[in-house]
Structures are given as C-alpha cells and as structure tokens.
Amino acid sequence: MVCRGPRHAVAQDWVEPVTDPSTPVLPTTVTDFTGESVTVTDAERILALDTYGTLATTVYALGLGDRLVGRDISTGVPTLQDLPVVTHNGHELNAEAILELDPSVILTDYSIGPLEVQLQLKEAGIPVVIMDDQRNRAVIGDQIRAVAEVLGVPTAGETLAASVAEDISRAESEVTAMAEAAADPRMVFLYLRGNAGVYHWFGKGSGADDLIAALGGVDVAGESGLEGSRPLNAEGLVRSEPDLYLMMSDGLGSVGGADGLLEIPGVADTAAGVDGCVVDMDDAQILSFGPQFPVTLRALGDAVYGPDGVLGAGSESDGTEPS
Amino acid sequence: MALLVALGVALVAAAIVAAAVGQLPIAPSEVLGSVLHRVGGWVGLDIGSVPSHPRGEAALWNVRSPRVLLAALVGAALGGAGAVLQAVFGNPLAEPSVIGVSGGAAVGACSVIVFGWSFLGSYTVPAIAFATALGTTLVIYAMARHGGRTEVVTLVLMGIAVNAVTAAVIAYLVFLGDSQAREQIVFWQLGSFNGSRWEAVRVVAPVVAVGLAGVMAITRQLDLLALGERSARHLGVNVERLRLTSIVIVSLLVASGVAFVGIIAFIGLIVPHLVRMVVGPSHRTLVPASVLGGALLVVIADVVARTAVDYADLPIGMLTALVGGPFFFWMLHRTRTAAGGWG
C-alpha cells in the first residue's frame, strides 16, 4: 500500500445550529440512562459534560448554545471556547466549580466522573440527567432526540436527528466512493498521552471501531479481540499488522509528533510505522460522534483517501511510483 | 489538658474556615449565618441567613460540609491509629502507610471496585477494606516482632515487602478492571476528598466513633505497656489481648479512612510525634491529642488541596507524602543518631 506520510485531518466547519430553534417547553420529565425519573423545570442555564464533548455540541446544534454556562475540556465548538472549563486532570469533575456556575440542569454521562460528584450535584438539588455514554453511528439519532427531550425542544430534536442522519449517509457514500481504490486498509486507533505515560489502543465498543468501519477500514484491534481501551502491547501491535494509525492531535503531539511516535516500542515495526502512515485529528472531534460526525467523517475521509490524502492517488507522478 | 483544649478550638476554627473557603466564594460570616439558619430551622426560629450565591447553600451543605467532616473524621482516625500502632510496636516509626496497613486496606477497597461487590450496601468497601487491613496487620505483627520488640530495620523492611506485595495485587486488579474501574482506582489511589458525600460521612462516622472509643479505653494500659512487657504483666495487663485489641482497632480506623478517600500517608507519623514533643509520651494525653491533631492537619491539608489550583483538586495523598516523606527521613536519622546505629 502506498503511503504518503502523516496527515492532519481538519474539519472544514462546525455543525450549524438548527435554523429555527424553538423555545424549550418545560417542565419535562424523562427517564434517564440509569432508569431514574428526572424533572427539568428550567433550561436557562445548561451544563452538558462528557469525555467526548458530544453533549455540549448537541445542545449547541439544537440552537441552545447561548444557554450553556460552562463546558468540558472536549467541547470544540469555536463559539463556546470562552466558557469556563469545569473539568481538570483530564476529565475529572469538580462539584464546587460546577455549583459556582449555578446551572439549572446538567446533562452528563458515565464517560466522565467521578460518580460521587455527579451524585453530589443531584443532592444539591440540580436536575442531573445521566445520558447513554455509547459513541457510534447507530446511536447518534437517539442521543440527539434524548437531549432534545430533556431540554423541551423535541421538534428541534427530530429536525436535527433527521438532517444529521441524512448528512451521515451522504458522507458515508462519499467516503466509500473515495475508499474504493484502497484495498480495505488495516487501521488502529492509538490513544496516547506521552506526558502521563498513557499508551493505549482502542478496540471493540470504544467508538474507534465504528469510526474505522465508517472509513472503510479494518479495525485490527477489534480483530484481535480487544475490547474497550487497553494498554498498548508492542508485540500485539506488530502482530496485528496495521497499515494506518489514527490518533488525536494532542496525543500525537504528546509523544513528539510522527517522529516521536516511532520511538514507542512496536509502533515503528509495522507497515504503518515504516511508511509513517499517521492521520491525526483534533481531540475534541475525532471520537465525539454526535451532530458533528458527518463533518468529522468527511475530514478523515479526505485525509486518508483524498487527492492529498495519506493513501490517496495523489498527483500522477506520486501514484505511479512503486514503493 | 491545655493542649487538648487548644487543639479542639483550633479544629473548630479550621472547620469553619474550611467551610468558608473554596472555589465558590462564601464568607465566614455567611457560613455562621447559614449554620444558625439551619439550627434555627430545627427549633422553629427564623434566624441567620442563607449565602448570597444562588448555589451557596447547596455548595455549603451538600459539597463542602460532608467534605470537611470526612476530612476531620479520617484525620482523627489516622492520628489515633498512628499513636496506637507506635505503642503496640514500641517503635515511634510505625505508621499505617509505612508498614503497609493502608496498602492492605487498599487491596480490599480495590477488589470491591473491580469486582463490583455490593453485598453489604455502602458498608461493602469499608468492611472488605477492614478485613484485608486486619489480615495485613496481623501478618506484619507476627513477622516483625522478635523477642518482644520490633527493630527499626525489621519494621522498615517489612513495610517495603508488604507494600511491594499490595502494590502488585492492586496493579493486577487495575489490569483486570474495565476502564471505568481503572479510572476509579487511579483517582482513589492518589487520595482525595473530591466527591465526599453525606453517605460516606454516615458510614465512616460510627466506625470511627467506635474505633476512637476503643482507643481511649486502652490508653492507660498502653502507658503500662510502655514500661516494658514484663512490668505491664506484673501490673495486671493482659499484654497479648491488649496487642490484639489494638491491632483490630487500628485496622478499623485505617480501613474506614482508606475506604472512601484512598491512602493519605504520614498523618499517623507526623501528628503523634509532634504531640510527643509537646506533652511527652503519656498515652492518656498523647492519644486524644493525636486524634484532634490528625483531624486538624487533614482539614487544613484538604483546604490547600482544593484551593491551591483554580477549578482543580490536588491529590491530598500527594501533599501529605510530600511533607511526610522528608519528615520520616529526619526521624530515621534521629533514631539512628540516638541509638548509635540501625538497631
């Protein structure tokens, strides 16, 4: 497989909020992911917190972005960047920092914690709605509708879910068309935090498996029977024979870029390593799914198969060079 | 006695200040106002006032109060446990985290997290932590003592061995756990009061109360034990029973702390030692003063941990180890100088 060195995937734009945002109709009563019934009476001051930044992006896409009073570290929407960040040490919640923002409703899930803080917030009298923390294409629509239901804008939820679903299938066919020339590239998602000594690869159920499927690749970690996020094993990585590494941009930066990446045991000794076949994308986007997913998928598809992509045909002279 | 009163007053003052400082600003006067308001509410009086921040009342009563109380309880438990442990081993360097009692408790607590046990409700973590802490302490006790006393070298080496084994078991549990359990363990291993809830206070308070009552009941006997095993026996002390009782109590106190907030090292070393420097070795003063001093120190350390960096919580175990490590080194040095060697 011809590989043309590391590529950085850039999302062209962010998801547009629905064109005619409705005013929340409250109170709403929902049964959350834990089976508990939660009543929301006020959606003036919203906090939406998870590890992927998906919930806040969804609130924004539903046209309620101006009601968000804080954000998690993974929320990437440009117009929300000035909101106070309430997570630290990566993805740890802090009850006081959250209470200081005086939220009237909190949407969160078990991808972020500690659980005790979420319970404290509930005990402080704030409606805390625990959402589903799965991330893959199949649940995007339901998750959008669930957020919309909590915030009392079910119509906007339907509209957004429908337009996102339609856009996803468009993006999928575009990527599939582009991928035809490449023969099922073998991909693996590396989650690295060099400064914290975290070297993981993502397998089944991590969301990375579905992302790779959407990109028309073979998830080699899942193929090896890996589930969730596991510490990277040098021999296992070599044996799984990846052609391409998918990474978060800050993760790649934390190990010293594409050159530093090769110094991690095992990484250099694969086809992906030999050819420097690395595609990275903004941490807040690459695994967030949600309404932003079509944009993410197109950007990744472009970085992998596009004319200037890592596996792309490129200009004529490039394509005909044997490697 | 004067020291006890002074420590008590300092603890109350520290608790009020601790309740007042934090990322959500509440003035000390507002804390008092809110306490008065609560107390007044119980007896039907409309006095005091609620804090001006819309979530101030909630932050004060649901986030900060349980946190300050839990810090005081755990500090008291660790201070008391340290003082008793040093009496039982006849060695001022005995400390729950140094000799491995805390590590033993940690193994139990991590097992509960990884295997998702819940057969005893919210008491599951402390109960299992107690069981493993007790087992570990008994092993340390049986192996470190020789001829009625414990040598410094033996005790420190035992600590290294026990901590190595518990660290290995915890590492294995981390490997077994799913990513959520892993994060929970890592968070908890650093030692932190972030996320302290009333439920934790409700579980820990009675356990610590029982433990501390037990500690106070044996202070006179511990004083006699300090005269030497033989003399104590002649004065009517059942030495073996006293030792076993002490070990059970220490395990209970350490486990109740470790179960909810992780390993907070060196409190049981620093506090009794400082108290000894002020009032001497009599356990009738040493033990209660260590209990109050431990509570005071942990409450203050937790304030530093949660206010030093905006929007963040520093791991308190890291803070205490940062101060306690050099302190331990200094004590080792002193012991060596005094004893003329490592005996």
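This write-up is about the structure you can find in this document. (Residues numbered from 1 in each chain as written. Chains lettered and ligands numbered in written order. Predicted model: local features only at pLDDT ≥ 70, side-chain atom pairs only at ≥ 80, totals over all residues. Heavy atoms only, no water.)

**Details of the overall build of chain B**
The test is simple: The helix count covers DSSP runs of H or I at least four residues long, the strand count covers runs of E at least two residues long, and both are numbered beginning at the N terminus. For the exposure calls, accessible area comes from a 1.4 Å probe over protein chains only, and a residue counts as buried if that area is under 20% of its type's maximum, exposed if over 50%, partly exposed in between. We call two residues in contact when some of their heavy atoms are within 4.5 Å. Note that accessible areas follow from Shrake-Rupley with a 1.4 Å probe, and for residues the cover is restricted to the protein chains shown.
For chain B, the count of helices and strands is 15 helices and 2 strands. In terms of overall dimensions, chain B has C-alpha extents of about 65 × 50 × 35 Å along its principal axes. A burial count over chain B gives 55% of its 343 residues as buried. Intrachain contacts of chain B at a sequence separation of at least 6 include 77% that bridge at least 24 residues. Summed over its atoms, the accessible surface of chain B is roughly 14400 Å², and 70% of this surface lies on carbon and sulfur atoms.

**Comments concerning the overall build of chain A**
Short version of the rule: As a reference, a globule follows 2.2 Å times the number of residues to the power 0.38, and the radius of gyration itself is taken over C-alpha atoms. None of His or the chain ends enter the tally, which takes Lys and Arg as positive and Asp and Glu as negative. Where a charge sits is defined by one atom per residue type, namely NZ (Lys), CZ (Arg), CG (Asp) or CD (Glu).
When its secondary structure is counted, chain A shows 14 helices and 14 strands. Relative to its length of 323 residues, chain A is compact, with a C-alpha radius of gyration of 20 Å against a globular reference of 20 Å. Principal axes of the C-alpha set define a box for chain A whose edges measure 65 × 40 × 35 Å. For chain A, contacts bridging at least 24 residues in sequence account for 66% of all contacts bridging at least 6. Summed over all atoms, the accessible surface of chain A reaches about 12700 Å², with 50% contributed by carbon and sulfur. Counting 16 positive and 50 negative side-chain charges, chain A places the averaged centre of each group 2 Å from the other.

**Observations concerning helix α1 (residues 54-64) of chain A**
All names here are of chain A. Within α1, 10 of the 11 residues are buried, which leaves it mostly tucked inside the rest of the structure. Of all the positions in α1, only Thr 54, Leu 55, Ala 56, Thr 57, Thr 58, Val 59, Tyr 60, Ala 61, Leu 62 and Leu 64 are classed as buried. Where the residues of α1 are buried, they touch β4 (46-49), β7 (105-109), β8 (128-131), α4 (140-150) and α5 (154-179).

**Concerning the state of the cysteines**
Residues and elements named next belong to chain A. Spelled out, the test is: The definition used for a disulfide is geometric: two cysteine sulfur atoms within 2.5 Å.
The full count for this structure, using the stated rule, is 1 disulfide over all chains. Here Cys 3 connects covalently by a disulfide to Cys 277, the sulfurs 2.3 Å from one another. Across the S-S bond linking Cys 3 and Cys 277, the dihedral sits near 110 degrees, which makes this disulfide right-handed. Taken together, the residues Cys 3 in the segment before β1 (7-9) and Cys 277 in the loop between α11 (271-274) and β14 (278-281) connect sequence positions 274 residues apart. Take Cys 3 and Cys 277: they sit in the same class, and that class is buried.

**Looking at the interface of chain A and chain B**
Put simply, the rule reads: The term buried area refers to how much accessible surface (probe radius 1.4 Å) is lost by two components on association, counted for both of them together. Definition used for salt bridges: Asp or Glu carboxyl oxygen within 4 Å of a side-chain nitrogen of Lys or Arg.
Taken together, the contact between chain A and chain B spans 28 residues of the former and 25 residues of the latter. Between chain A and chain B, roughly 2400 Å² of surface is buried when both sides are summed, and carbon and sulfur atoms account for 47% of that area. Its largest share of buried area at the contact with chain B, chain A owes to Glu 96, Glu 100 and Gln 120 of chain A, together 26% of the area lost on that side. Inspection of the chain A/chain B interface yields 4 salt bridges. In this structure, the salt-bridge partner of Asp 102 of chain A is Arg 55 of chain B, at a minimum N-O distance of 2.7 Å.

**With respect to the side chain of Gln 285 of chain A**
Residue and element names in this part refer to chain A. What counts, and what does not: Side-chain atoms alone can form a polar contact between residues adjacent in sequence; in general such a contact is a pair of N or O atoms within 3.5 Å, and within protein one must be able to donate a hydrogen while the other accepts it.
Along the chain, Gln 285 turns up in helix α12 (residues 283-286). Of note is the side chain of Gln 285, whose polar atom sits 3.4 Å from the side chain of Gln 292. With near-sequence residues (within four places) excluded, Gln 285 lies in contact with Ala 11, Trp 14, Gln 292 and Thr 296.

**Re the environment of Glu 57 of chain B**
All names here are of chain B. Here Glu 57 lies in helix α3 (residues 56-89). According to the relative accessible area criterion, Glu 57 is buried, its value standing at 18%. Along the primary structure Glu 57 and Arg 243 are separated by 186 residues, whereas in three dimensions their C-alpha atoms are 46 Å apart. Setting aside anything within four residues of it in sequence, one finds Glu 57 in contact with Ser 34, Arg 38, Val 50 and Pro 51.

**Focus: empty space enclosed by the protein**
Put simply, the rule is: A cavity here means a set of 1 Å grid points, computed over protein atoms only, where a 1.4 Å probe fits but cannot escape. A pocket is an open set with protein on both sides within 12 Å along at least 5 of 7 lines, and lining residues have an atom within 4 Å of a point. Grid points are joined across faces, edges and corners, and a volume is the space filled by probe spheres set on the points. Classes in brief: Ala, Val, Leu, Ile, Met, Phe, Trp, Tyr, Cys and Pro nonpolar; Asp, Glu, Lys and Arg charged; the others, Gly included, polar.
Throughout the structure, instances matching the rule amount to 3 cavities of 30 Å³ or more. For the largest cavity, the calculated volume is near 100 Å³. Looking at the lining of the largest cavity, the elements that each hand over two or more residues are α2 (95-100) of chain A together with α3 of chain B. A volume near 50 Å³ is recorded for the second largest cavity. Forming the boundary of the second largest cavity are Thr 54, Leu 55, Thr 58, Arg 135, Ile 140, Gln 143, Ile 144, Val 147, Gly 290 and Pro 291 of chain A. When residues of the lining of the second largest cavity are traced back to their parent elements, those giving at least two are α1 and α4 of chain A. A per-class count over the lining of the second largest cavity returns 5 nonpolar, 4 polar and 1 charged.

**Details of the packing of α3 of chain B against helix α13 (residues 267-279) of chain B**
Residue and element names in this part refer to chain B. Stated formally: Simply put, an axis is a line fit to the C-alpha atoms, just over the touching stretch for a helix, and the angle between two N-to-C directions goes from 0 to 180 degrees. If an angle is under 35 degrees, it is roughly parallel; if it is over 145, roughly antiparallel; if it lies from 65 to 115, roughly perpendicular; otherwise it is oblique. Should the near helix be turned anticlockwise from the far one by less than a right angle, the crossing is termed left-handed; should it be turned clockwise, right-handed.
Relative orientation of the contacting elements α3 and α13 amounts to 70 degrees, with a least axis distance of 8 Å. Comparing the axis directions of α3 and α13 gives the class roughly perpendicular. By crossing handedness, the relation of α3 to α13 is classed as right-handed. Where α3 approaches α13, its residues Gly 75, Leu 78, Gly 79, Gly 82, Ala 83 and Gln 86 are matched on the opposing element by Ile 267, Gly 268, Leu 269, Pro 272 and Arg 276.

**Considerations on the nonpolar core**
Note the cut-off: We define the nonpolar core as a collection of buried residues of types Ala, Val, Leu, Ile, Met, Phe, Trp, Tyr and Cys that are connected through side-chain atoms lying within 4.5 Å of one another. The split into domains, and so the bounds of each, comes from an automatic or database assignment of domains.
Counting residues in hydrophobic clusters, the biggest one holds 90 residues, and the most contacted among them are Leu 107, Leu 151, Leu 190, Leu 246, Leu 261 and Leu 287 of chain A. Two domains each donate at least three residues to this core, and these are domain 1 (28-152) and domain 2 (174-305) of chain A. Counting 89 residues, the second largest nonpolar core, distinct from the first, contains Ala 71, Ala 105, Ile 247 and Ile 316 of chain B.

**Quick notes on the packing of aromatic side chains**
Our working rule: Planes of paired rings set the category: under 30 degrees apart is stacked, over 60 is edge-to-face and the rest tilted, where pairs are Phe, Tyr or Trp rings (Trp by its six-membered ring) whose centres lie within 6.5 Å. The rule is short: NZ of Lys or CZ of Arg within 6 Å of the ring centre and within 35 degrees of the ring normal puts a charge over the ring.
In this structure the tally under the stated criterion is 9 aromatic pairs over all chains. Between Phe 266 of chain B and Phe 328 of chain B the ring centres are 6.0 Å apart and the planes differ by 45 degrees, which places this aromatic pair in the tilted class. Pair noted here: Phe 266 of chain B is in the loop between α12 (239-261) and α13 and Phe 328 of chain B is in helix α15 (residues 316-339), with a separation of 62 residues, a long-range link. For the residue pair Phe 266 of chain B and Phe 328 of chain B, the accessibility class agrees, reading buried in each case. Centre to centre, the rings of Phe 327 of chain B and Trp 330 of chain B are 5.6 Å apart; their planes meet at 55 degrees, and the pair counts as tilted. Separated by 3 residues within a single helix, Phe 327 of chain B and Trp 330 of chain B lie in helix α15, roughly one turn from each other. Ring pairing ties together the aromatic residues Phe 189, Tyr 191 and Phe 202 of chain A, which thus form one cluster. Lying across the ring of Phe 175 of chain B, Arg 230 of chain A places its NZ or CZ 5.6 Å from the centre. Taking the ring centre of Trp 61 of chain B as reference, the NZ or CZ of Arg 38 of chain B above it sits at 4.5 Å.

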